[in-house]
Amino acid sequence: MNDFSNIIGHETIIEYFRNAISMDKVSHAYILNGEDKSGKLMLAEAFAAALQCEEKGMEPCGNCRSCKQAAGRNQPDILYVSHEKPNTISVDDVRKQINDDIALKPYSSKFKIYIVDEAEKMNVQAQNALLKTMEEPPSYAVILLLTVNADSFLPTILSRCVRLDLKPVSDEKIRKYLIEQKQVSKDQADICVAFAQGNVGKAIRLSDSENFNEMKNSAISLIKRLDEIDLHGMMEAVKKITDYKLEINDYFDFIMIWYRDVLLYKATADANRLIFRDEVYSIKKAASHSSYEGIETILTALDKAKDRLRANVNFELLIELLLLTIKEN
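### Observations regarding the layout of surface pockets
The computed volume of the largest pocket comes to approximately 1,400 Å³. Residue lining of the largest pocket: 44 residues in total, with Glu35, Asp36, Lys37, Val148 and Asn199 positioned closest to the centre. At the level of elements, helix H2 (40–52), strand E4 (141–147), helix H9 (200–208), helix H12 (248–268) and helix H14 (292–310) are the ones that each hand at least two residues to the lining of the largest pocket. Considering each element in turn, the lining of the largest pocket owes the most residues, six residues, to H12. Classifying every residue of the lining of the largest pocket by side-chain character gives 14 nonpolar, eleven polar and 19 charged. Its boundaries defined by the atoms lining it, the second largest pocket holds a volume of some 380 Å³. Together, 16 residues line the second largest pocket, and Ile223, Lys224, Asp227, Ala286 and His289 are the ones closest to its centre. Tallied by class, the residues present in the lining of the second largest pocket amount to seven nonpolar, four polar and five charged.

Shown next as structure tokens:
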């Protein structure tokens, strides 16, 4: 059961939702804006369950019929908007699942709640269709738009929604959760925390990954021997990285953490602050051979590689160019 007490961080948003419920000032439309896996869906589901809870408190009770239905995602008045096309929420999706449905009164609850995940995928026509509903919504309607990019919405949509931006969760809270609840070692927790950069879902996903150590060792091993690799070795390295294509952003993040460690050691010579503390001798060696400009160039190249992946650039060519940039710096 998703309730507010199970959510790590995001206290300001939780407090906002609780106040809206207790003061009976629930808006018709909200935007939850934050990174993928940052907790938007958990917040939306907890808020929806609390609004529909038969106990009428600020939290879902977890025991009433509505809460049990919400936990199983079969509460008839909490509706999840789906889309068949992977990259588009179309005007037909909005019309059929929201506009044509919203005039029907709630089946069993006070509210009728629509959760639109990946709402940034709404095309302009879909947004305009939704706008018609937002302009004169029924008193019982609540629309929750979950997005990684609220700025992709039309200004007219933004002006009719309460926008709630998810902030990064503190490293200490994530580390405590991973060690106490997920039973991971302190060293693994430190890597997951550094990798997640305030995103709880990313930290949990990495801590659960069966490939965690294998991927980490593969990335570090490649970086450590990149200086000695010839053209044939480079092609083999590209082929090896292709094995991790589905998790390539995680793979890049391991490399990024490595070079942040190199940069930190070069600036401070403090091994205690490193994430990859067990690699201190290799990091020390890399720091002595690298310039600040070279490390910054590599970190920038990693960010650009992530952007290019989203733009569907040729995968193998992208990896080859990235490895060449790292090798040259």
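### Re the side chain of Arg175
Among the secondary structure elements, Arg175 is positioned in helix H7 (residues 171–180). Note on Arg175: relative accessible area 18%, which makes it buried. Within the structure, Arg175 has its side chain in polar contact with the side chain of Asp190 (distance 2.8 Å).

### Brief notes about the packing of helix H8 (residues 186–196) against H9
Where H8 meets H9, the closest approach of the two axes is 8 Å, and the angle between their N-to-C directions is 140°. As summarised for this structure, H8 and H9 are arranged oblique, according to the angle between their axes. With respect to the hand of their crossing, H8 and H9 are arranged in right-handed fashion. When H8 is examined against H9, the residues Gln188, Cys192, Phe195 and Ala196 are found in contact with a partner set consisting of Lys202, Ala203, Arg205, Leu206 and Ser207. When its residues are assigned to classes, the contact of H8 with H9 shows five nonpolar, two polar and two charged.

Conventions and cut-offs
- Residues numbered from 1 in each chain as written.
- Predicted model: local features only at pLDDT ≥ 70, side-chain atom pairs only at ≥ 80, totals over all residues.
- Heavy atoms only, no water.
- 1 Å grid on protein atoms, 1.4 Å probe; cavity = no way out; pocket = protein on both sides within 12 Å on 5 of 7 lines; lining within 4 Å.
- Points joined across faces, edges and corners; volume = space filled by probe spheres on them.
- Helix = DSSP H or I, 4+ residues; strand = E, 2+ residues; numbered from the N terminus.
- Nonpolar A, V, L, I, M, F, W, Y, C, P; charged D, E, K, R; others polar.
- Buried < 20%, exposed > 50% of the residue type's maximum accessible area, 1.4 Å probe, protein only.
- Polar contact = N/O pair within 3.5 Å; in protein donor to acceptor, adjacent residues only side chain to side chain.
- Axes fitted to C-alpha atoms, helices over the stretch in contact; angles between N-to-C directions.
- Parallel < 35°, antiparallel > 145°, perpendicular 65-115°, else oblique.
- Left-handed = near helix turned anticlockwise from the far one by under 90°.
- Contact = heavy atoms within 4.5 Å.

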